[in-house]
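# Geometric and topological summary
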Amino acid sequence: MDVPTHRWWHTPACVYSYTFRRWVIEEEAAGWQAQVVVVHSPTPLFPDDLLLRLLAVTPYAKEFLLIEQAADSVLVLDTWQRTLEVIGPNDAPPQPVRAFSRWWSYAECDVVEGGGAPPGAH
């Protein structure tokens with residue numbers, strides 16, 4: 001059977017993905033939201049390379065947390081919820097996600113458990 005090659009599921013996947021999230025707190029609770037930046041690369045990127053890529057799209061690059069995602073999992077980044085969850089294929093309940101603040105600094109990188117708190121709030 002010939003399968004069309006122009007379908008999205010035939011798109012080659014990037015080898016490396018980096019997910020960043022920034023929780024934006026506005027004056028009113030209805031204005032709170034998450035911003036997400038996903039960087040794909042065929043090669044691994046160092047923190048300074050990632051920072052340059054984020055600075056190219058947002059002046060708030062250092063306010064983003066670097067989200068860790070386990071292999072073979074689905075990451076839920078809800079726009080209006082502060083919590084982050086990851087779901088694996090083993091039918092286990094959703095688990096909290098580790099996130100890193102100050103990821104651009106080799107000396108200052110810090111783990112923020114659950115990825116819920118914005119940088120500086122822990």
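Residues numbered from 1 in each chain as written. Predicted model: local features only at pLDDT ≥ 70, side-chain atom pairs only at ≥ 80, totals over all residues. Heavy atoms only, no water.

### So, the overall build of the protein
For clarity, the cut-off: Where helices and strands are cited, they refer to DSSP runs of H or I of at least four residues and of E of at least two residues respectively, numbered from the N terminus. Partly exposed describes any residue whose relative accessible area lies between the buried limit of under 20% and the exposed limit of over 50%, with all areas from a 1.4 Å probe on protein chains only and scaled to the type maximum.
Along its length, the protein carries one helix and eight strands. Expressed as a percentage of the 122 residues in the protein, the buried residues total 30%.

### Digging into the pairing of strand E1 (residues 16-24)
Short version of the rule: When DSSP finds at least two bridges between two strands, those strands are taken to pair.
Among the nine residues of E1, seven are classified as buried, and the element is accordingly described as predominantly covered. Here E1 runs beside strand E2 (residues 33-41); their pairing, made up of nine bridges, is antiparallel. Paired with threonine 19 across the two strands is valine 38, which belongs to E2. Summarising the sheet, E1 and strand E3 (residues 65-67) pair through three bridges and their orientation is antiparallel. In the sheet register, phenylalanine 20 faces E3, and the bridge partner there is leucine 66.

### What to know about a nonpolar patch on the surface
Convention followed: Nonpolar side chains (Val, Leu, Ile, Met, Phe, Trp, Tyr) within 5 Å and like charges within 9 Å form the patches, drawn only from residues with over 30% relative accessible area and no salt bridge. The Shrake-Rupley method, run with a 1.4 Å probe sphere, supplies the accessible areas, and residue values consider only the shown protein chains as cover. Whenever Lys or Arg places a side-chain nitrogen within 4 Å of a carboxyl oxygen from Asp or Glu, that contact is recorded as a salt bridge.
Together, Val74, Val76 and Ile87 line one region of the surface with nonpolar side chains, adding up to about 210 Å² of accessible area. The exposure class of valine 76 is partly exposed, given its relative accessible area of 35%.

### Remarks on the sheet that holds strand E4 (residues 74-76)
Strand order in the open sheet formed by three strands is E4-E5-E6, and the pairing between neighbours is antiparallel. On the outer flanks of this sheet lie E4 and strand E6 (95-96), each paired with one strand and no other. The sheet contact formed by E4 and strand E5 (residues 85-87) spans three bridges and is antiparallel. Directly across from valine 76, in E5, lies its bridge partner glutamate 85.

### Quick look at unusual backbone geometry
A positive phi angle is found at arginine 102, which is not glycine, with a value near 50°. Looking at the secondary structure, you find arginine 102 in the loop between strand E7 (98-101) and strand E8 (110-113). A relative accessible area of 28% means that arginine 102 is categorised as partly exposed.

### Thoughts on the confidence of the model for the protein
Let me state the cut-off plainly: Here pLDDT means the predictor's own confidence in every residue, given as a number from 0 to 100. Any two residues whose heavy atoms approach within 4.5 Å at even a single point are treated as in contact.
The predicted model of the protein has a mean per-residue pLDDT of 78, with 75% of residues at 70 or higher. Under a pLDDT of 50 for its full length, residues 116-122 has, in the predicted model, 12 contacts with residues more than four places off or in other chains.

### What about the packing of aromatic side chains?
The line we're drawing: By convention, a stacked pair of Phe, Tyr or Trp rings (six-membered ring in the case of Trp) has centres within 6.5 Å and planes under 30 degrees apart, an edge-to-face pair has planes over 60 apart, and any other such pair is tilted.
In the structure shown here, the tally under the stated rule is two aromatic pairs. Consider the rings of phenylalanine 20 and tryptophan 103, whose centres lie 4.7 Å apart with planes at 55°: the pair is tilted. Of this pair, phenylalanine 20 sits in strand E1 while tryptophan 103 sits in the loop between E7 and E8; the two residues are 83 residues apart in sequence, bridging distant segments of the chain. Here the two residues phenylalanine 20 and tryptophan 103 agree in accessibility, since each one is buried. On the numbers, 5.6 Å between centres and 85° between planes, the contact of tryptophan 103 with tryptophan 104 is edge-to-face. The class of tryptophan 103 is buried, set by a relative accessible area of 4%. Taken together, the ring pairs connect Phe20, Trp103 and Trp104 into an aromatic cluster.

### Observations regarding the pattern of salt bridges
Summed over the entire model, instances satisfying the criterion amount to three salt bridges. Salt-bridge contacts for aspartate 110 lead to arginine 102; the nearest nitrogen and oxygen are separated by 3.5 Å. On the basis of relative accessible area, aspartate 110 is assigned to the partly exposed category, the value being 27%.

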